[in-house]
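Summary of the model geometry
Below are the chains, spelled out letter by letter.
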Amino acid sequence: METATVPEGDILVILRHPPHGSSWLREGLDAALVAAAFGQAVSLLFQGDGVLALLQGQGPGPLGQKGTSATLDMLAMYDIESLFLDASSLSRLGLSTDSLQLPASPLEPPSIAALIAGHRLVLTF
Amino acid sequence: MRYALLVLGAPYSSQASHSALRFAAALLARGHYLECVFFYHDGVYNATRLAAPPQDEPHLVEAWVKLNQAHGTQLQVCIAAALRRGLLDEREASRHGKSGHSVEPPFELTGLGQLIDLGLGVDRLVTFAP
């Protein structure tokens, strides 16, 4: 298994929950946005059901929760451009990077370990 | 070592608060310093002054207060996560026209920026999630 080159940074936020059904993803993204607003270099890793956050065509819909699709569109404005996802989580869900709203780079386990090691602070949601 | 804890689980609903308190006691017993406990997500419910658990269960809110009194550990609560869950101190209650408040010192409502500062400033930030 090859280790891709991954960036180093100040803060890595790991997102493991889908966009609907709980506030985990939204509150995790909020932490990332605040960190970026404070001038930190922030990377995001979507892992497990968290990769569903990246699917295209989501809206808040009738579920009552605010949804996170609009927040994802704001990431670039906050200079959060280091986006990664766990490749095995994506394939387990039968998805490919073609169906994603944002360009996140798929990583294999050794690269995920390198990504975590390369950040000063890791926040897991 | 300088530690901080991030608590994301509601008291009594999950193991998070119990484990965080046990970890706090263990690190203090070993001579480490616990600078702050930050409450976010459903962890903000740990800050309710109105908790009234049965007598045969540990009083988790009081346990946090005792930690502050004995060791000066700050108890910070994310204000955005708290307000939408009905956790307001006197100032916020009055600002939002509420007849009572549910958060009191030593718990402090503060911004997420404090969590970021804290995480980058201490030697270890340990997360307790449900």
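Note that the coordinates shown come from a computational prediction; the quantities given were computed from them, not determined experimentally. (Residues numbered from 1 in each chain as written. Chains lettered and ligands numbered in written order. Predicted model: local features only at pLDDT ≥ 70, side-chain atom pairs only at ≥ 80, totals over all residues. Heavy atoms only, no water.)

**Re the packing of aromatic side chains**
Considering all chains together, one arrives at five aromatic pairs over all chains under this definition. With centroids separated by 5.8 Å and ring planes inclined at 90 degrees, the aromatic side chains of A:Phe125 and B:Tyr40 adopt a geometry described as edge-to-face. On the criterion of chain membership, the pair formed by A:Phe125 in the segment after β5 (119–124) and B:Tyr40 in the loop between β2 (33–39) and α2 (60–71) is interchain, its members lying in two chains. With centroids separated by 5.6 Å and ring planes inclined at 50 degrees, the aromatic side chains of B:Phe23 and B:Phe128 adopt a geometry described as tilted. One end of the pair, B:Phe23, is in helix α1 (residues 16–29); the other, B:Phe128, is in strand β5 (residues 124–128), with 105 residues separating them in the sequence. (Phe/Tyr/Trp six-rings, centres within 6.5 Å; stacked < 30°, edge-to-face > 60°. Helix = DSSP H or I, 4+ residues; strand = E, 2+ residues; numbered from the N terminus.)

**Observations concerning the pattern of salt bridges**
Applying the stated criterion across every chain yields a total of eight salt bridges over all chains. Among the salt bridges present, the one from A:Glu27 reaches B:Arg85, with a minimum N-O distance of 3.0 Å. Residue A:Glu27 is found in helix α1 (residues 24–37), and its partner B:Arg85 is found in the loop between α3 (79–83) and α4 (90–95); the two belong to separate chains. For the pair formed by A:Glu27 and B:Arg85, the shared burial category is buried. (Salt bridge = Lys/Arg side-chain N within 4 Å of Asp/Glu carboxyl O. Buried < 20%, exposed > 50% of the residue type's maximum accessible area, 1.4 Å probe, protein only.)

**Quick notes on the layout of surface pockets**
To find leftover empty space, a probe the size of one water molecule is rolled over the atoms. Space inside the largest pocket adds up to approximately 250 Å³. What lines the largest pocket is a set of 18 residues, among which A:Arg26, A:Asp30, A:Lys66, A:Thr71 and B:Arg84 lie closest to the centre. Secondary structure elements with two or more residues in the lining of the largest pocket: α1 and α2 (69–74) of chain A together with α3 of chain B. The element that contributes the greatest number of residues to the lining of the largest pocket is α1(A), accounting for four residues. (1 Å grid on protein atoms, 1.4 Å probe; cavity = no way out; pocket = protein on both sides within 12 Å on 5 of 7 lines; lining within 4 Å. Points joined across faces, edges and corners; volume = space filled by probe spheres on them.)

**Focus on the sheet that holds β5(A)**
Residues and elements named next belong to chain A. Strand order in the open sheet formed by five strands is β4-β3-β2-β1-β5, and the pairing between neighbours is parallel. Looking at the sheet topology across the chains shown, the edges are occupied by β4 (105–107) and β5. Neighbour to neighbour, the strand axes of the sheet diverge by 25 degrees on average, direction disregarded. As paired elements, strand β1 (residues 9–15) and β5 share five bridges and run parallel to each other. Bridging from a neighbouring strand, Gly9 pairs with His119 of β5. The sheet strands contacting α1 are β1, β2 (42–46) and β5, and the helix crosses β1 at an angle near 170 degrees. (Pairing = 2+ DSSP bridges. Axes fitted to C-alpha atoms, helices over the stretch in contact; angles between N-to-C directions. Contact = heavy atoms within 4.5 Å.)

Just distances and angles here, no functional claims.
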